[in-house]
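Residue-level structure breakdown
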Amino acid sequence: MQIQAESWGVYRKAQRKGKKSVRKMGRQGVNPYLLSLDSFLDEKEITERVNLGVMDIPTDKIVGIATHDKSELYSCDFLPLSNPDTDFSTKWCKLYWYYLSNKGVRCPISCYEYMGKFYIVDGIKRVSIAKCHGVPTITASVVRLMPEKTDDPEIIRYYDFVKVFDKTGLYQIQFSIPDSLEKFQSAMGFAADYQWNEADRLEFLFNWPLFEHTFEEAFGGYLKITPADVFLVLLEEHPFEKLREMSPVVLVQLMRKKWNRLYEIQKQQEGTAEATSVKTMFL
């Protein structure tokens, strides 16, 4: 009974935050509800569907849903919006109760992956609960939607990411500069064609949150390249075994010392116009 009461308390808090988020985004002229893949992607733009099977995916890369029909049941950050006395809220709370009571929600969600982001086909409540509870990953059955190859820089970077994923099985590693895979493999102590195994991935993912958090602390959103870009620069001088033993304070200092180099990477990614405004921020 205590767990059930807690689940209703969590729902009410999440619903209030969701309503607040909708009002805020509405005032800013931004879509306050879940982004739907069918609102911007035409079936004709998909050249191939690749079944990746069941895997753990990072919840922070789940950005929307496949179709728009349930988009207004949640805020853009997956917070529930229905009133507490609805069938929807009852099902949400029951699912949350299963989670808290350690019974678990073991059935994988299903989703599409497009351009390195995930869009839910089935399991929106499970994702909502995972995000509310701060769960970093969720088990999912994933189908990748491949876009047509073009000269668009985003498409080029995405196809480069697919190469990285094929070797590492990691969605967390996405570089801004194409052809970074061989350099990354070498810096991690692997041959260029080495296929990561489960032990390699688990060891890396155990330490990766430290680098993501220190990246945010070091640059606070001013740097537009990815944590993986910064990590690769640090690997040039410090092996992975040493980096993972460093304290967050030391890592932040190392990252900021590399500002000029990171700024050059940002220029390559976005061009000089946008990057100029932050060039001297941490000098």
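Please refer to the structure placed before this passage.
First, a word on scope: everything that follows refers to the structure included in this document.

The rules behind each value
Residues numbered from 1 in each chain as written. Predicted model: local features only at pLDDT ≥ 70, side-chain atom pairs only at ≥ 80, totals over all residues. Heavy atoms only, no water. Pairing = 2+ DSSP bridges. Helix = DSSP H or I, 4+ residues; strand = E, 2+ residues; numbered from the N terminus. Salt bridge = Lys/Arg side-chain N within 4 Å of Asp/Glu carboxyl O. Buried < 20%, exposed > 50% of the residue type's maximum accessible area, 1.4 Å probe, protein only. Disulfide = S-S within 2.5 Å.

**Some words on the pairing of strand S6 (residues 137-147)**
Where strand S2 (residues 46-58) lies against S6, 11 bridges are found, and the strand directions are antiparallel. Counterpart to Arg49 in the pairing with S6 is Leu145. Bridge count for strand S4 (residues 109-114) against S6 is five bridges, and the pairing is parallel. Bridge pairing in S6 links Cys111 to Val142.

**Overview of the pattern of salt bridges**
Scanning the model with the defined rule gives 10 salt bridges in all. Residue Arg49 pairs with Glu43 through a salt bridge whose shortest N-O separation is 2.9 Å. Here Arg244 makes a salt bridge to Glu203, at a shortest N to O gap of 2.4 Å. Of this pair, Arg244 sits in the loop between helix H8 (240-243) and helix H9 (248-257) while Glu203 sits in helix H6 (residues 198-219), and the two are 41 residues apart along the sequence. By relative accessible area, Glu203 is classed as partly exposed at 37%. One connected set of salt bridges, linked through shared partners, spans Lys183, Glu236 and Arg261.

**Re the state of the cysteines**
Per the stated rule, a full pass over the model turns up zero disulfides. Between Cys132, a free cysteine, and Cys93, which holds the nearest cysteine sulfur, the sulfur-to-sulfur gap is 11 Å. With relative accessibility at 31%, the residue Cys132 sits in the partly exposed group.

Function cannot be read off these values alone, since they describe shape.
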